[in-house]
Structure formats: C-alpha cells, structure tokens
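Structure at a glance
Residues per chain, in single letters:
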Amino acid sequence: MKENQKTYWKGIEQLSNDADFVKKNESEFPEYLPISETGGESSNRRDFLKLMGFGIAAASLAACEAPVRKAIPYLNKPVDVDPSVPNYYASTYVNGGDAVSVVVKTREGRPIKVEGNKYSSITKGGSSAQVEASVLSLYDKERLVGPMKDGAETDWATLDKEVTSQLNKIAAQAQGSGIRIVSNTVLSPTTKKAVGEFIAKYPTAEHITYDPISSYGITEGNRRSFGAAMIPSYDFSKVKTVVSVGADFLGTWISPIEFSKQFAQTRKINEHHREMSRHYQFESNLSLTGSNADYRTPILPSQVGPLVAAMYNAIAAKAGQAKVSGGNAGDVAHLTAAANELWANRGKSLVVCGSNDPAVQVLINGINTMLGNYGTTIDTTAPVNYRQGDDMAMSNFVKDLNSGRVAAVIFLNCNPLYNSAEASALTAALAKASLTVSTSDRMDETAAAVKYVAPDHHYLEQWNDAELREGHLSLSQPSIAPLFSTRQTPESFLKWAGQTVEYYTYLQNNWKESYFTQQSEISSFQTFWDKALYDGIVELGGSEKAFTYDFAAASVAATSIGQNYKTQGSGLQLALYQKSGMGDGSQANNPWLQEMSDPISKATWDNYLTISLAMANELGIKMTEGETQLVNLMVGDQSIEVPVLVQPGQAPGTVGLAVGYGRTKAGKVGNGVGVNAYPFITKLNGANTMDVLAGVSVTTTGKAYRIAQTQTHQTYMGRENVIQEATLDEYKKDAGAGRWHPHIYKEGEFVKPSKITLWSGHEYNNHHWAMTIDMNSCTGCSACTVACQAENNIPVVGKEEVLNRREMAWIRIDRYYSAANPAGNKKELEEAAANPEVTFQPMMCQHCNNAPCETVCPVAATTHSTEGLNQMTYNRCIGTRYCANNCPYKVRRFNWFKYHDNTQFDKNLSMNNDLGKMVLNPDVTVRARGVMEKCSMCVQRIQSGKLAAKREGRRPVDGEINMACESACPSDAITFGDLNDPKSKISQLLQIEEKKEGEKATERVVNEERAYHVLEELNVNPNIWYMTKIRNKVKESTEA
Amino acid sequence: MVAKTTIVRYATAFFLVCCFVFSGKQVFAQRDAVPTDPEIISQGEQLFNEYQCNTCHKVDSKLVGPALAGVYDRRDLEWIYSWVKNSQALIASGDPQATALYNEFNQLVMAPYDLEDEQILSILAYVRDVEENPPMPEVAATGDGAAAGGDGSGIPSSYLNIIVAALVVVLILILVVLVIIIGVLKKYLQDKEGLDEADKDVVNEKFSFSAFVKSPTVIGIITFLVIALAAKNVIDGLYTIGVQQGYQPEQPIAFSHKIHAGEYEIACQYCHTGVEIGKSANIPSVNICMNCHSQIKTDSPEIQKLYAAQESGKPIEWVRIHNLPDLAYFNHSQHVKVGGIECQTCHGEIQEMEVVKQHAPLTMGWCIDCHRNTSLNTQGNGYYDKLVELHNKTSGTPMNVEDIGGLECAKCHY
C-alpha cells in the first residue's frame, strides 16, 4: 500500500511552517509556565514554609470538629421520584422557528441533560450542539423572575389589567387601531389557536411572522412554482447525487439534524456495500456542509443565480424543456459534471439551494421537477413548518408602525430589535405604538425597549406542542416546575383575550378535538394522551396533495436573475452565514455554545471576517496562532471594525461574517462578544438576503487582535497518517485502500509495531469497552463536544484561557485541511489554501491498552481497568502533568485553576451560582484545581448500565449503555460497545474475532480493513478505532 | 368363598380409607390447597419480601396485624384473596369476618395490593412452609465464619506471645551470664599483679548512673524515641481526620431503630425505599412514617413532631451520620440488591441501637478490605455466570470482589 502523499495541516501557520508555531509546539507545554496569579515574582522558600505552616494549622483546626451535615428527605415523596434514580421525560426543544423532539433526563426533579428522542421519525434520536446546550439556558440567572413594567418588577394581575384595558381602548379607536403580534415561526398549533382567540377578541390584530434567518425565498419560490407557499420535506437518505448551492444542510439549513441523519445513511459503506452518494457543493464561505462535500467549488454570491440558471439549462437540454436566460455564471468547475450526474440519477438526486431569492428557488424547483425528484427525494405531502416567516409582511409591518397605523405591538418570544433585517427602522418606529409588550424570557434588546414584559417559561418548564411537519406532532411536558414567576405565552394571550382557562387544559382540549379524532387505534383519550406524552410524538400522516410545476414561472424567474446578478463586477462581496453552534444568536448567553470551537475555523468566543489567504496577503495581514488584525468593513454606508480570520476555502473576492454575535442585552456571557452582522442583511426580490453583492470594502486598521482558536492546539508534531483516506474507486478495488501499515525495524527486519512492546498486555474477561468512529460519517458538527460538556461537568474557561491553550473539552474535533500540491512558497501556499479538502476527526482519550500515561504517573492516579478503560482518579492526582506530556494524542486536560465558585470564572455558569449548579451531573465529580482530567468513556454511564443489568441478573444488552457523544451524534458516526460480546454492533462493525481464552486485548484480531488506530506505529494499542475516510471523487491525474 | 371374603375385606378397607381421606380433606381442606412446591414457596418468599408483608405481619406471632400461621385453616381462600386485594371493599361489603378483624386490630387499614390470586397463594405457600419448617437458629454458620477467620495465613497470635516470652527469658539469662562474667573477670584482674595505673582505673571504675544518663548515646536514643512516638501519634491523628466512626449525633426526633427494626422486625426496606434501586438508601419521608403513625402512638410527643412537620410543610432535618466524601461513589443497590449484603455488615447491629451511630470507619482501607475478602454473591445472577466459570478454571478459592476488578479506581472514583 502506497503511502498517502497529501499534506495535512490544521492551520495556515502549520502549513507555512511558521517559526513561532513550531517553537510553541516543540515545547512540552506551549503555555507560559509557571502560572503567577498575582503577576508578581515567583514564590520562594519562605513563602513555601509560610504556606506549609498555615496548611498544617488549617488542617488540624479543620480536624477538630467536622461540620454537621443534614439529610433532608421529602415531606411527601412523589411516587415517581426516587433520589439518585434518574427519570426521563419526552419533550420538545423549541427555539424560534426550530423544534426537535427530545428526551430530558432529570435527577431529583432537575433537568440535567437533553438528548434526541429516538421515537421521532424525523430526527431519529439525533441532536445538535444548540439542543444539547439548551438545558443550561434553563438555569440562566439572566432570565426574568417575573413580569416587568417600564423596567421595574410588577405582578401578573397588574400587567394583565393594564394590558387588557389598553387593548380594549385601542380596539375601540376609529383611527390607528392596529394591533400586531410579531413572532418567529410558531410551530405550536395550540399556541396558534390561542393567538387566534386573541385575534378574534381584537379584530384589528394581525399576526406577523418573521425569522432571523429567513426562508421566505423558499416558501415564496414554491408559491410561484406550485401555487402553495410551503417548504417541502426532503429525504437525503434516498439520494445518489446531491447538489447544494450554498445550502448548509448539515449545519444550519432548515432541519440540519434530520438531514444529517438521512445523509449519513448514504455515506455508510462496508465490504458488502461499496456504494455511496456523491455530493457537490457550490458556495462562498467554507461551510460545514461544504467541508464534507466530495466536490466543492468556491463561487461568488453573485454567481448563485446565473449558476442555478445554467444548471437549469443543462438539465432542460436533456429533459427537452425550454431553456431560460439568466445571465452568465462563467466557467464554474464541476458544474457540467454535476448536471450530468444529476440527470443520470434522476429520481435519486436532489438539488438544494440556500439562496433566499424566490427567483432562484423557482429555478431550483424546476430542476428538481425535471429530475423527477418530487415524490422520491422531495415530499410535498408533508411540508415542514419550520421557518415560515414572511419578509414582506415584516417590512409592511414596520411601514405601518412608522405611519402610525399600529397602536399596539406584542412581541411573542422574538427579538426583532436585534435579529431582524428591520431592526434599526423598528427601533426608531417603536415609540409610535402606545402599547408595547414582549414575552422574552430576559431583558433582551426588544424587551428593554417595550413597556411591558410578560416573560415566558423556558421550554423545559412548559406544556406545549409543536407540529414539525404536517401530521408530525411533538409534545412538550414540563420536566421541572417553573423556576420563576413566569407564565406561558399562549396562556398570556388567552388571558388577554378574556379567557381564564389554564393552558394545560386548553392544550388537552385542543388535542382531544383536533388529533385524537384523526386516529382510530386508541379509543380512550386518556390512553391516547398518556401514550403521546410517553412517546413524545404522534404521527398522523400528511395529506395527499398534488402540485404541478409552472414552467412559465421559470422564465420569469430567469429574467429576474439576469437583472439582479451581475457577475462581472469586480467589487468585494459579503456572504453572511450562521455558525452551527451559535445559530441566530438567541442562545448567545450560553457559555457552552460560546466556547464550542467552530467546526471550520475552530474559533471560540468570537465572530470574524473570513477572508482568503490571497486576500490576506494582499492586505498584508499575517495570521498566526489567532493573532490577527482588526479591519474596517464598509457595507454601503455602514462600517464596523471586525477581526479577520484567514479561512482556507474562502472564495476569492468574497468575505464572510457570522450573524448571532454582537449582542448587547443577552446577559453577562453573551454581551459584547463579536459584532452584530444583522444590519448587513439586504433585500432582494422582497426577501431578506444574506448575500451582499456590492458596496463592500475592507480597509486595514493596523490594530492587533487575537482570536481564541483551538485549531492548532494539541497538535501531533507533524506525525503523518493520523488521517487515512481513500477515494471510493480505490475502495471498491481494495477495502484496505488508504490504510497505512507501519513497520518498525528490528534486528534486521521490518516487523509490525505490535511485535515490539514494553508492556505485558491486559486480558479482559468481563467487558472490553471500545469505540469506533467512522470518519466517513462524521460531519464535524460538534454536537458531541457540547453533549460531553453537559454530561461530564466540564468547565467553561473563557476566551483568555482558550488563548492560553487551556480549554477543557474532553472531546475535540480535529479539522484537517489537505491538498495534493506542496506548499513551498507563498504562491503554492495560496493555491493549497484556495480550496482544500477537509477531514474531521473527533479526538478524545484513546483508552490505550498500552497506555503511556499510566507508566509515567508517579502516584498511580491513572490506571488501567479490567474492562479496557484508562481510569483517571482525581483524588489521587498531584498534578505533575507527566501523563499529559507522555500522551501522544494530547487529550489530557489540566485544571490550571479552580473553575467552580470562583468569581474570576463567572462565565462558567454551571459552577458559579446556585442556579447554574443545578445542571451539574451529580454522578460526576466537579474537579478541583491542580488535577488532570480526560475522557472517562462516560464511566458513570457504564457503571449504571452494568448495575441495572446485575440487578436484573443478566448481561447488559448491546445498545443499553450509550456514551454522551454517541447518543448526540446526528450522523451515527460513533459506535460504542463491548468487544467481548460477539453480537454487539461494534464487534460486527470491526469484524473482530471472538475472544479466545487467555487472549490479551492487544492480540485481538480485527478484520475490518477500514479500521485503524491513530499513530499505530507507537503500538499504544487504543480501544478507539477509526474508519478511513472515503471520498466519492475521481482521483486527479496529478497523483498517478 | 375365599375370593369373596377377600373382595369384601378390600372393599371395607377401601371404604374406610376413603372415609379417612375425605374427612381429612374436609378439616384441612384449605391447608392442603396451599402448595408445597419449593419453586412456588421461593416465589412467595420473594413476594413476601418485595411487598414487605413482614412490616405488619409475622408468621408465628401478632405484630401490627395478625399472625399469619394457619390463616388458611381459619379462612376461606377466596376470602383471603379479596381481603388482600382490597380489605376496605370487603369491610364495606359488610362481611362479618372482615369487620370483626378490622375492629380487633384497632381499625388499622391494610393497604390494597395489586396481586394475582396465584401470587397470594404462593405467599401462603411460603407462610405454610415457614410454619411447618421453622428456621433453625444460624449458630453453626457464624461459628464457621469465625473459625475461617482464625485460620488465615500467618502465625497465630498465641504462638507469637510464647515466642516473645521465650525471647525475653533468653535475653535475661544472657544478661545474668554477662554480669557473672564481668564479676569473675573483675575479681581475676583485681587479684592479678602488675597492672599499670590506667588499667587499674578501668577495673576499679564505679558505675555512675548520672554519667550514664548524661551520656550522648542515651540522650540520643531517648530523643529518637520521643520524636518517633510523637511522629507516630501525629500521623495516626492525621489519618483519623474526617473519620467519624462512632459518630452518634442527637436527632430531631428520638427515633429508635431498636423498637422498629429490633422489636417489631420491620424490614429495613420498608422505610429505606431506595436501598435496592438506587445509590441512596433514602431517609424515609414523613408520609412513610404516617402509614403506621396515623394510628399508632398518636399521643407521643415525638410522633407529634411528625404531625407538626406535615402541617407546616417543612421536612424534617435529620442529622446526616454517614458522610462519604464527594469524591467517592457508593451505590446501595449494588451492595444490597446485587451483593446481598446485610445492612448490619456496614451499619452494625442497627436493630439494637436506640440512637444510630456510625459503626464502620468508612475509610477507603475499610472498603478495600471488604472488597478483598468478600466472595461475590453470584448465585442465580446471569451477569456473573461466565466470570465464575472462568475464575473456577484457574482458582480454587471463591471469586472475590477483587477478582473482577473491585479494587479499581474508577469503580468508585469518577
């Protein structure tokens, strides 16, 4: 097997072999040592003696009397709650126009973890970083504790009385009596019904829906194409060819968890199934989806329209349809190949587009119609209910407000003064309304500007429902009693509409009338309701609706494209985007999301202007180790100072900027992080567009800035073959393609590394826990990292400490760029960074059978278990950090500080106030300063799974014990299990031979040829196996 | 004729036997309907414990409720079934037996149980089994245990004492012999002519006690001993920091385990509900106390505290006795349900404690000792089958907790 000749790099500094980078990574600890908290001189012998004297005195004093601790049982123990035994409740995560069916784990009545609901046929148990992090938002101290009037606390009775009387007064007016309810997409049919009752009471009321990240282009495009404003459901699991023009469907577009689950199915390969889908991506910024594409072409935002038109024409030529005009996309790489392949896989292909221009979406619909994808990969009978915002209605509302036609505005769980395209106009016009109400859960930008705030419950505190897709309902049930004196928003609406019914009863009644009657399986409503609550979901099936594509709309759309997209312009273009962690910024006060390193840039705690290396060279900006410069970004007449980040894969002539940052009133954690990009949203064909095609310029300021990137931290010192990959064609010929088999020279011959060993090996008779990670499925979305943080009480360290390379994440996702060509000089470097291939590799403790960390610990604080785990014992650790030094994978994390109960780390919300501490997992120790920690393979889950089996007198069943990362993974890339159980999924994935008696772990034979150990040459023999990355692309001839 | 007589004789015998058998059936009809199949008995025993019948009932004597022995003779089986399932309904239906029973036991309500007829029958089978084969006192078993402990490896302590005594005797003898030798030699030298002055000084030197005490060697040795003893005390003292063995705080309510667990033999699990399902054994909530104390001893000032708690809505703040450090994970269900360990093993003779005190030191050494020496309760637990088989292939001793990784750090620390 020939060695892989590609160059892999984690960041530009590594590729260019930057001197500073090399120096930092050569030292044992790149961090500055020793730590001096006072900033003064280092301590001396006298200090040591003083401290020791004090220590002994303190210890003896402490020993005199142990504090009296209380054990306080329940007064009346609830039947279902047993202390120390977790309960699980099915519920629904709702945030703006997004919703995911989840299962909430509670301990002693406190929600501590949110996971996907496996019963949902949409998300199938997957979750995302935002869903995983949402449990911490419940315990956010910045939430309002009760209703507010003019910024001061009030009570509900006063608020209701005043709001109702003013509403009545306004409704009775002859002039200017408009009442507007403004919200993001409301997914709950019962909430909509409650709002409907409100509108019935006040007939001048109207409900305006907008979304921060608008999909109006799709609904409007579908209205023009089919006569129905909707977003169909997509099925990526059936595709052979998928072409995405700027749609980040694995990261942020419409329903990324669902699409990741589906798409991953087409990327699973094994010896018997050597087929996978092919994915083309055309985009400006390097997105999560683009980084997973087989072929990615960087394009200008202004090329989107013409490119889609060109693709339409290419397909139309084959389908015998009329061509359309639509401008000139120029020469776009892979466009012809993509069109040919789409045509060859008619009915098994899918074209999606992230553009919010209705005209572009009309052509996309035309392409899918010609390809016969409707009915196979696109389902119009069950349209989704996410992101139904109407941009036109929103702009009309602001106009109406400005002209005095609206007297009352109620903002229903939305924050348009921050995240709408009309934010500034709305801010100015809001004073013209006599009654302003917000139901925000905190004093956010909008709530701070209104008269009354009627704060809503957190989603974990409320009864509600959500209709994700027509006929696919998901129930929310409270998993904790409301923490504060908040009230559910639909109940507020009912109250203002003069109804006194409790929302829970209202919800049940609505279900009795609307959904119970639609099914015939269950005859008693109580049984139906109980089952719905237990499952969390009810699926009733959609309706049969037939649509015909209107080809006349295509030519109208093409004309519009021809006018709006001028590719010849040489000006810089700005492409706004969402990060998969931060999303639209509504959870900006969640430190887990702020510190999650972005899958692509690996940056934390910031947004930044992404520019290409060529452009950086032009501007004279050199970026190493996050050290960069602030630039002045001018868009039209607005200007903003923003740091730049050199992003490989950024299309030349474009810059990218993430929305969701620059909050001013999110709370202590989110305020002032990054810059606000929402004001740059512009209008195109009546829809909000994230692409700014003209009037963009960037000038340097010369001011230095540091972005806290984790990308080059914990690097492997240039050891090759960490990533092993092949193309599908190679794999078809040889299942072991791309594998590298190291051999070590010993006594005149080359032998396998496992033949030379210092260790005597372990035999595991009971369990042999192991994990496989399929790099072909992993999209890098980072849901696992947040899941791990929530499960294992991992502290947030803040931007400063990330800059000091002291982030604590137990699982990180290494993102490697690679390019075939070498990177010797500046020009070659630019070429290599122009459009690199990307590989994601989740990296955590490898639980080596020959663990190098164990042998160097002077106090035996890290030891090996009889089940294959590398154990870390915090109470034994004295903090020599020898283990971290000796770990070839750099997965050990040191507690440089006390991160809990420490005002210096007050952004670490989960450990620094009584409310935040409620999220901590009581089964996992909160680590003290000065000890090492690392992935424990969720040993608390293993122990409780084993105990459950023992109590029932049986062996654990495969799949019963799950890792936090594994269950979060939306693409099922992680599989955990027992290698001693021949029937387990992992044993079958690895095709491991059944354990013979007396066989040691290091001698087990794995027959799956894709499986490999990272750094196999060291023979540390990990229990984590990686599966080679297979790209479905034709190998370029340069590498023959 | 002979044949006829024989037939008549047989027929008479048969008739008599039938009479006997059937009359017997009439008298003991219920008892014999109760099965004696060991499987059913064990099922009944399990149910008896699971539903904690023993909280109110004993087989041989009256407790809160009547003694169960012979209940199948006293009552109709169908009556027993309906009584167990819902006694209140039976009383309400005006059944005279039920009403009489209810009144006899101070109108204490027996809670309804969701049991099948066969399950109740199996409980009766267990009761019958206990009645007919009363359990033997378990003297022999403990005797064995003690003997086994004594037979451990190393030299028995009695031998050690003898050896030490012999050594002391030998040393004294040596001392005596040495003194004699010195005397003899001295005498010999004094008698000898021609010694120079220096030698004479040595020979005639008087033993001075003060000089001996002031000699650097003696001072050195004494200083060393003092320091060593002090150091040992300090180290021993440091090891006891945080060890609260014997801790016996006063509790807000003078609850007596001696009465509840000792005299009335209420199963521990009746109040400590979590002990078989979770990490915590659970201090009972007031509603559990009220199961009985809504009727019993309602006038006692201690019981009044329960009512006060219920009325004020404030839970009772017991003083926590067993304080494991947060870094150690301990799970009751692992030890009690899976391991089958008696509560008394760690908590001492709780049934004799008027006020509970901490019996065990709860140090890591104490945990480890037990994990080293305790053989696992693997009987009938499918989890261990393969492990036991593997263990028995290589070892003649029973499988200890240690043998399956019970000493590993991450079993308790994570």
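Residues numbered from 1 in each chain as written. Chains lettered and ligands numbered in written order. Predicted model: local features only at pLDDT ≥ 70, side-chain atom pairs only at ≥ 80, totals over all residues.

Re the domain arrangement of chain A
Residue and element names in this part refer to chain A. When the domains of chain A are assigned, the result is domain 1 (7-25 + 714-1031), domain 2 (148-214 + 389-465 + 485-519), domain 3 (232-384) and domain 4 (574-709). Residue-level contacts link 17 residues of domain 3 with 24 residues of domain 4. Elements with a contribution of two residues or more to the side of domain 3 that touches domain 4: helix H9 (288-291) and helix H12 (358-370). For the side of domain 3 that touches domain 4, a count of residues per class yields eight nonpolar, eight polar and one charged. (Domains from an automatic or database assignment. Contact = placed C-beta atoms within 7 Å. Helix = DSSP H or I, 4+ residues; strand = E, 2+ residues; numbered from the N terminus. Nonpolar A, V, L, I, M, F, W, Y, C, P; charged D, E, K, R; others polar.)

Notes on the sheet that holds strand E3 (residues 87-95) of chain A
Residues and elements named next belong to chain A. Here three strands make up an open sheet; going across it, the order is E3-E4-E5 and the pairing antiparallel. Every interior strand has two partners, whereas the edge strands, E3 and strand E5 (110-116), have only one. Going from strand to strand, the sheet's axes swing by 40° on average, the running direction of each strand aside. Both strand E4 (residues 98-107) and E5 contribute to a ladder of six bridges, which runs antiparallel. By the bridge assignment, Arg107 is partnered in E5 with Arg110. Across the sheet, helix H4 (residues 129-138) touches E3, E4 and E5, and the angle it forms with E5 is around 165°. (Pairing = 2+ DSSP bridges. Axes fitted to C-alpha atoms, helices over the stretch in contact; angles between N-to-C directions.)

Thoughts on the environment of A:Tyr139
Residues and elements named next belong to chain A. Its place among the elements puts Tyr139 in the loop between H4 and strand E6 (148-149). Note on Tyr139: 24 C-beta atoms within 10 Å, which makes it buried. For the pair formed by Tyr139 and Glu1017, sequence separation is 878 residues and the distance between their alpha carbons is 47 Å. In contact with Tyr139, other than residues within four places in its own chain, are Leu915, Gly916, Met918 and Val919. (Buried ≥ 20, exposed ≤ 12 C-beta atoms within 10 Å, placed from the backbone.)

Remarks on the environment of A:Met690
All names here are of chain A. Within the secondary structure, Met690 is located in the loop between strand E29 (687-689) and strand E30 (691-706). Judged by local crowding, Met690 falls into the buried class, with 26 C-beta atoms found within 10 Å. Each C-alpha atom, one on Met690 and one on Leu576, is 5.0 Å from the other, the two residues being 114 residues apart in sequence. Discounting chain neighbours no more than four positions away, the residues touching Met690 are Asn356, Ala575, Leu576, Tyr577 and Ile681.

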